[in-house]
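In case you want the letters, here they are:
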Amino acid sequence: MLPLNSQVCVLQCTASYPAEVEDLHLNVITALRERFPDLVIGLSDHQNGIAMAVAAFMLGARVIEKHFTLNHAWKGTDHSFSLMPEGMRRLARDLHRVPAALGDGVKRPLDCEQPALVKMGKKLVASRDLEAGHVLTEADVAMKSPADGGLRPYELDGLVGRRLRHPLRLEETIVLEDFEPAGEPAHTQPTRAS
């Protein structure tokens, strides 16, 4: 292939004014990036709105061409679907937000999620009043929000069959200190009848 002008930008364009969403064929952007890896690829966007330009950016478009107007009622085929100043501002804002929104690809709890994780998370609580010496069963435990202390549901299997060191009230948060040390045989003391 002959060398291309490095200042050329290749834009995917659907020559329909306005272009319907199903006619945009944004995956052509990926094909153009593969075919011309040394060139900037973009989108000439004639769609009524800004979302598809953001989708194009996600596919690798680095130039977005949009029609601009000051009045949708002006004469001419382009004014009706062109962006007004506020729409252009929103498009630029959203395009600038994309890199930050992508993050680093590592899934982990974020500091901003902590209030919601506590509010919606679950902890283990007593499903009924339990006496000291009672050997815990799954039926003795409920999972309730908020997760503001105590043990998490994934810890239940390690508690079943262990003897309570002291009584628990209905819906009291269960903590590890509620149990006698692990390894002591649970059948040596009577338990409260269910």
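Residues numbered from 1 in each chain as written. Predicted model: local features only at pLDDT ≥ 70, side-chain atom pairs only at ≥ 80, totals over all residues. Heavy atoms only, no water.

**Some words on the overall build of the protein chain**
And then number 1: The helix and strand tally for the protein chain stands at four helices and five strands.
And then number 2: The N-to-C order of helical and strand elements in the protein chain reads β-α-β-α-β-α-α-β-β.
And then number 3: For 194 residues, the compact-globule estimate of 2.2 N^0.38 gives 16 Å, and the C-alpha radius of gyration of the protein chain, at 31 Å, exceeds that figure by more than 25%.
And then number 4: Considering only C-alpha atoms, the protein chain reaches an extent of 90 × 45 × 25 Å along its principal axes.
And then number 5: Across the protein chain, the fraction of contacts at a sequence separation of at least 24, relative to all contacts at a separation of at least 6, is 56%.
And then number 6: In the structure as shown, the protein chain presents an accessible area of about 12500 Å², 57% of it carried by carbon and sulfur atoms.
And then number 7: Side-chain charges of the protein chain comprise 22 positive and 26 negative groups, with the mean position of each set lying 3 Å from the other. (Helix = DSSP H or I, 4+ residues; strand = E, 2+ residues; numbered from the N terminus. Rg over C-alpha atoms; globule rule 2.2 N^0.38 Å. Contact = heavy atoms within 4.5 Å. Areas by Shrake-Rupley, 256 points an atom, 1.4 Å probe, with all protein chains shown as cover. Lys, Arg positive; Asp, Glu negative; His and termini not counted. Charge placed at Lys NZ, Arg CZ, Asp CG, Glu CD.)

**Examining the pattern of salt bridges**
And then number 1: Under the counting rule described, the total for this entry stands at 11 salt bridges.
And then number 2: Note that Lys66 is salt-bridged to Asp45, the shortest N-O span being 3.2 Å. Separated by 21 residues along the polypeptide, Lys66 in strand 3 (residues 63-66) and Asp45 in strand 2 (residues 40-45) bring together distant segments of the chain. Across this residue pair, the class does not change: Lys66 and Asp45 are buried.
And then number 3: Ionic pairing is found between Arg163 and Glu180, a salt bridge with its closest N-O pair at 3.7 Å. Placement of Arg163 in the segment after strand 5 (141-144) and of Glu180 in the segment after strand 5 is noted, with a sequence separation of 17 residues between them. (Salt bridge = Lys/Arg side-chain N within 4 Å of Asp/Glu carboxyl O. Buried < 20%, exposed > 50% of the residue type's maximum accessible area, 1.4 Å probe, protein only.)

**Here we look at the state of the cysteines**
And then number 1: Inspection of every chain in the model, using the stated rule, returns zero disulfides.
And then number 2: Cysteine Cys9 remains unbridged, with the sulfur of Cys13 as its closest cysteine sulfur at 12 Å.
And then number 3: Here Cys9 falls in the partly exposed class, since its relative accessible area comes to 31%.
And then number 4: Judged by its relative accessible area of 36%, Cys13 falls in the partly exposed class. (Disulfide = S-S within 2.5 Å.)

**Remarks on the environment of Asp140**
And then number 1: By the secondary structure assignment, Asp140 is in the loop between strand 4 (123-126) and strand 5.
And then number 2: For the pair Asp140 and Leu124, spaced 16 residues apart in the sequence, the C-alpha separation amounts to 9.9 Å.
And then number 3: When sequence neighbours within four positions are dropped, the list of residues in contact with Asp140 reads Val125, Ala126, Ser127, Arg128, Leu130, His134 and Val135.

**Describing the nonpolar core**
Across soluble globular proteins, nonpolar side chains have a tendency to be buried as a group.
And then number 1: Grouped together as the largest cluster of nonpolar side chains are 12 residues: Leu124, Ala126, Leu130, Leu136, Val141, Leu151, Leu156, Leu159, Leu164, Leu168, Ile174 and Phe179.
And then number 2: Within the second largest apolar cluster, 11 residues are counted, among which are Ala19, Leu24, Ile29 and Leu32. (Core = buried A, V, L, I, M, F, W, Y, C linked by side-chain atoms within 4.5 Å.)

**Some details on the sheet that holds strand 1 (residues 9-13)**
And then number 1: Pairing is parallel in the open sheet, where three strands are placed in the order 1-2-3. The open sheet has two edge strands with one neighbour each: strand 1 and strand 3. Averaged over neighbouring strand pairs, the angle between their axes works out to 25 degrees when direction is ignored. (Pairing = 2+ DSSP bridges. Axes fitted to C-alpha atoms, helices over the stretch in contact; angles between N-to-C directions.)

**A short note on helix 2 (residues 51-58)**
And then number 1: Buried residues of helix 2: Ala53, Val54, Ala56 and Phe57, and no others. Down the axis of helix 2, the buried side of the element spans an arc of 155 degrees, and every buried residue falls inside it.
And then number 2: Elements that come into contact with the buried residues of helix 2 comprise helix 1 (27-35), strand 2, strand 3 and helix 3 (85-102).
And then number 3: One or two residues past the end of helix 2 sits Gly60, with phi positive at roughly 115 degrees. (Arc of directions from axis to C-beta.)

**Quick look at unusual backbone geometry**
And then number 1: With an omega dihedral of 0 degrees, the bond running from Tyr17 to Pro18 counts as a cis peptide bond.
And then number 2: Of the consecutive residues Ser145 and Pro146, the connecting peptide bond is found in the cis state with omega at 0 degrees.
And then number 3: Residue position: Pro146 is located in the segment after strand 5.
And then number 4: At Glu171, a residue that is not glycine, the phi angle is positive and equals roughly 65 degrees.
And then number 5: Examined against the element boundaries, Glu171 turns out to sit in the segment after strand 5.

Remember that the coordinates give geometry; whether it matters functionally is a separate question.
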